[in-house]
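So you can see what is in the structure, the chains are spelled out below.
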Amino acid sequence: MAHDGHHHHDEDEGSELSPIALRVKALESLLTEKGYIDPKALDVLIETYETKIGPRNGARVVAKAWTDEAFADWLKRDATAAIASVGYEGRQGEHMVALFNTPETHNMVVCTLCSCYPWPVLGLPPVWYKSMPYRSRVVIEPREVLKEFGIALAEDKDVRVWDSTAELRYLVIPERPAGTEGLTEEQLAELVTRDSMIGTGFAKTPQ
Ligand code: FE
């Protein structure tokens, strides 16, 4: 599948900086030098988009899928439209596919060529998602990689690894945890972690 023409400008192989990354660094240095920004504040901002603000969108989609059967069906048939109906659409999320975890099947997402990631629902990709070890190993030994994330899968559970591309971005719908029958959609969304929507984690159980 083609990974061309979408974001190679901001992808790095190894430690060499791309032209865009260099420009951003130069801009950051200049603004810091002039006293306009604090680099530590920038780090906090980026961290917030990686772990808090970004993935909250996806968490709301998952919680809605858990509580609304018609919405879950729509997600299975046309994830792009179903997700857009909740208000999340845009660049790097034009063609979404929802992967439903079940007692029989666990889904994981990777981009083996670069770092394609569903921005509108998950925000910025975590550093490990873009790392060479994750990208190469998850395809060969997904169970080993999962163990390193603290996830032990039952032996008889199938693991499917999905390779993202410029055309397709995946959102894993984790299994709904036991003991969550009485929770509201909002409370359920709190249980949905970023990693559970990439397939490197499970949704949290209440308390
Ligand atoms: Fe990619």
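Reading the values: rules and limits
- Residues numbered from 1 in each chain as written.
- Predicted model: local features only at pLDDT ≥ 70, side-chain atom pairs only at ≥ 80, totals over all residues.
- Heavy atoms only, no water.
- Salt bridge = Lys/Arg side-chain N within 4 Å of Asp/Glu carboxyl O.
- Helix = DSSP H or I, 4+ residues; strand = E, 2+ residues; numbered from the N terminus.
- Buried < 20%, exposed > 50% of the residue type's maximum accessible area, 1.4 Å probe, protein only.
- Donors = N, O, S within 2.8 Å, 3.2 Å for Na, K, Ca; no water.
- Core = buried A, V, L, I, M, F, W, Y, C linked by side-chain atoms within 4.5 Å.
- Contact = heavy atoms within 4.5 Å.
- Polar contact = N/O pair within 3.5 Å; in protein donor to acceptor, adjacent residues only side chain to side chain.

Engineer: Summarise the pattern of salt bridges; cite the residues concerned and give the values.
Structural biologist: Summed over all chains, the structure comprises 6 salt bridges. We note a salt bridge from Lys147 to Glu144, for which the minimum N-O separation is 3.2 Å. Here Glu144 and Lys147 lie together in helix α8 (residues 142-148), a separation of 3 residues that amounts to about one turn. Arg194 is the partner of Asp195 in a salt bridge, and the nearest nitrogen-oxygen pair spans 3.2 Å. Arg194 carries the same exposure label as Asp195, and that label is buried. One salt-bridge network, held together by shared partners, links Arg137, Glu141 and Glu148.

Engineer: How would you sum up the coordination of the iron ion? Please name residues and give values.
Structural biologist: Only Cys111 (SG), Cys114 (SG) and Cys116 (SG) from the protein coordinate the iron ion, and they sit 2.1 to 2.4 Å from it. Here the donor residues for the iron ion map to a single chain with the spacing C-x2-C-x1-C. Both residues of the pair, Cys111 and Cys116, belong to the buried class.

Engineer: Outline the nonpolar core, listing residues and values.
Structural biologist: Ranked by size, the top nonpolar core spans 43 residues in total, and within it Val61, Leu75, Ile83, Val121, Tyr134, Leu171 and Ile173 carry the most contacts. Per-element accounting of this core gives the leading share, 6 residues, to helix α2 (residues 39-67). The residues contacting Tyr134, other than those within four sequence positions of it, are Met108, Val109, Val110, Trp128, Tyr129, Val145, Phe149, Ile198 and Thr200.

Engineer: Which residues make up the side chain of Arg169, and what values go with them?
Structural biologist: Structurally, Arg169 can be placed in strand β4 (residues 169-173). In terms of polar contacts, Arg169 uses its side chain to reach the side chain of Gln92, at 2.8 Å.

Engineer: Break down the side chain of Thr180 for me, citing the residues and quoting the values.
Structural biologist: Positionally, Thr180 belongs in the loop between β4 and α9 (185-189). The exposure class of Thr180 is buried, given its relative accessible area of 1%. A distance of 2.8 Å separates a polar side-chain atom of Thr180 from the backbone oxygen of Pro177. The residues contacting Thr180, other than those within four sequence positions of it, are Leu188, Leu191 and Pro206.

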